[in-house]
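# Chain and residue survey
Here are the chains, one letter per residue:
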Amino acid sequence: MTRLGRDFGDTMQKEAVPSVSADVSFASNRFPNYKIGADNSILDPKEEPEVPSMKDLVARETAQLIEQQKRLSVRDLASKFEKGLAAAAKLSDEAKLREIISLEKHVLLKKLRDALESLRGRVAGRNKDDVDEAISMVEALAVQLTQGEGELLQEKSEVKKLAIFLKQASEDAKKLVGEERAFARAEIDSARAAVQRVEEALEQERISKSFESKDTEGLMKEVQEARRIKMLHQPSKVMDMEHELRALRIQLAEKSKYSLQLRKELAMSKRLEENKSRLYEIEGTETLGSCLRIIPCSDNSPDFSRSSVQWYRVSPEAGSKEAISGATKLVYALEPFDVGMTLLAEIVSDQQNVTLTTTGPIDPAPGLGNYVEGLVRKSDTEFTVVVTQMNGREHPSHTIHKLHVGKMRMKLCKGRFTKAKESYSPTMQFCGVRGGGNAAAQALFWQVKKGLSYVLAFESERERNAAIMLARRFAFNCNIMLGGPGDRAPHGRT
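Residues numbered from 1 in each chain as written. Predicted model: local features only at pLDDT ≥ 70, side-chain atom pairs only at ≥ 80, totals over all residues. Heavy atoms only, no water.

The name given to the protein chain in an unreviewed UniProt entry is Stomatal closure-related actin-binding protein 1, with Papaver nudicaule as the source organism.

Laid out in structure tokens, this is it:
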């Protein structure tokens, strides 16, 4: 066979070229891509490990620089940019070398194509077809080499841009290093001055505290010595003065109570003097939890059967009176709204009109306020009650129920069953029973909503008044004024 030299000169032998076998088949339609290794050995590229391209290396290095920029110091960042600049220069040199190698490949391919063209003119038949196929493979390889050169040029341009960027960044980093160094020196000097000032202030404070502690210790010693001398000379006199002061405080408290009692007795005596000419009077303790009754002063008093009664609340500050809706009986059970108010009763008969008043404002029940304050801390309080009326009618079964007063709602339960449950609302009413009877002080009226109401009897006056005060407290927190028919909160109290 004919052997081609490296210079592709006129080395064709004069003898005829043997024909190529028809059974020969090429593995691919492109020129083999192989490399010459040591000792002129042929290396298959598939056997070599894949080496990343220059573009991938540049992109990975740039991504790493951007990622590390946030956590590197200014000095480290400048050093990194300098290393990147050196790497970019190295890549640029490699690109130039690859460009030279590519140019040599073009020259070799051109010589190979010319040799094949000259060979095609000397062969015929199948050999000519094989030569034509080889020429087409060489041309395809030239096209691929041209495309590779385009990619190489693009990579070279990117590397050049990166080198410019890294060079500028390196200069900026160096400038920033100088600025940061100057700023750090200024900060260090400022911090040293501040530390010196703080140390001086602490030293002055320590000296002043030492003087103060010495003065304080001296004064304390003098006071203790004075007390010791005083106790040594007049121990009994000091103790006598303390006992005398304690006794005077006790006497003052007793006299204050006695003075208040005398004032009430004086008011009652004045009222008795006035009642000698009156037909009726108010009987009962003027304290929350009691009942007030209108009774005749003598046997000559007119019969109540032809008289009408109306109770009023009178504010000591404003002096205005407010009719208590539903309080039209001779007996009235005091409720929390009456505390601090003077009650007035008007009796209208055919013969004359009579006005009666209490001796003074109604007093609160002792200990009730503290009891209610303890219940306010709970989210729900349970009271034992008996239903006496429902919707104005007598309830046939006087069984035990549980009234739950919560922060947002109230409910009435009988065992496991809930008979009424409602949140605080403007339509709800909750007040003391305004009717007659000895048990009125232990009963209250509850209108759950329109069309549903109950009269509930409690175990004691204390429980009944505590339930009223607690419910009004929770309703007030929900912006609801909870009272009875026609009531309004007297002077902001609940």
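### Here we look at the overall build of the protein chain
Condition: Here a strand is any run of E in DSSP of at least two residues, a helix any run of H or I of at least four, and the numbering for each starts at the N terminus. Working definition: with a 1.4 Å probe on protein chains only, accessible area under 20% of the residue-type maximum means buried, over 50% means exposed, and in between means partly exposed. Under the convention used here, a 1.4 Å probe and the Shrake-Rupley method define accessible areas, while residue burial counts only the protein chains that appear.
A count of helical and extended segments in the protein chain gives 6 helices and 17 strands. Counting only residues that meet the buried cut, the protein chain has 28% of its 494 residues in that class. Entry remark: accessible area of the protein chain is about 33300 Å², with carbon and sulfur atoms responsible for 54%.

### Some words on the packing of aromatic side chains
Applicable threshold: Here the aromatic set is Phe, Tyr and Trp, taking the six-membered ring for Trp, and pairing holds for ring centres within 6.5 Å; pairs whose planes are under 30 degrees apart are stacked, those over 60 apart are edge-to-face, and all others are tilted. We call a charge positioned above a ring when the Lys NZ or Arg CZ atom is no farther than 6 Å from the ring centre and deviates by at most 35 degrees from the ring normal.
Applying the stated rule across the entire model yields 4 aromatic pairs. Ring geometry for Phe383 and Phe458: centres 6.0 Å apart, planes at 70°, overall edge-to-face. Taken as a pair, Phe383 in strand E10 (residues 380-390) and Phe458 in strand E17 (residues 452-458) lie far apart in primary sequence, 75 residues in all. For the pair formed by Phe383 and Phe458, the shared burial category is buried. Three or more aromatic residues joined by ring pairs form one cluster here, namely Phe430, Trp446 and Tyr454. One Lys or Arg, Lys321, reaches over the ring of Tyr312 and ends 4.5 Å from the middle of that ring. In this arrangement the basic side chain of Arg462 is found over the ring face of Tyr371, its NZ or CZ atom lying 4.3 Å from the centre.

### A word on the UniProt feature "coiled-coil region" (unreviewed entry) in the protein chain
Note the threshold: UniProt positions are given in the numbering used here, feature names are shortened, and annotations may be inferred rather than shown by experiment.
UniProt records the feature "coiled-coil region" (unreviewed entry) at residues 181-208, using the numbering of this structure. From the first C-alpha to the last, residues 181-208 spans 40 Å; its make-up is 100% helix and 0% strand.

### Let's talk about helix H5 (residues 368-376)
What counts, and what does not: Starting at the helix axis, one direction is taken to each C-beta atom, and the arc is that of these directions. It only takes one pair of heavy atoms within 4.5 Å for two residues to be counted as in contact.
Burial in H5 covers these residues: Leu368, Val372, Leu375 and Val376. The buried residues of H5 occupy an angular sector of 105° when the element is viewed end-on, so they sit on one face. Here the buried face of H5 lies against E10 and helix H6 (461-477).

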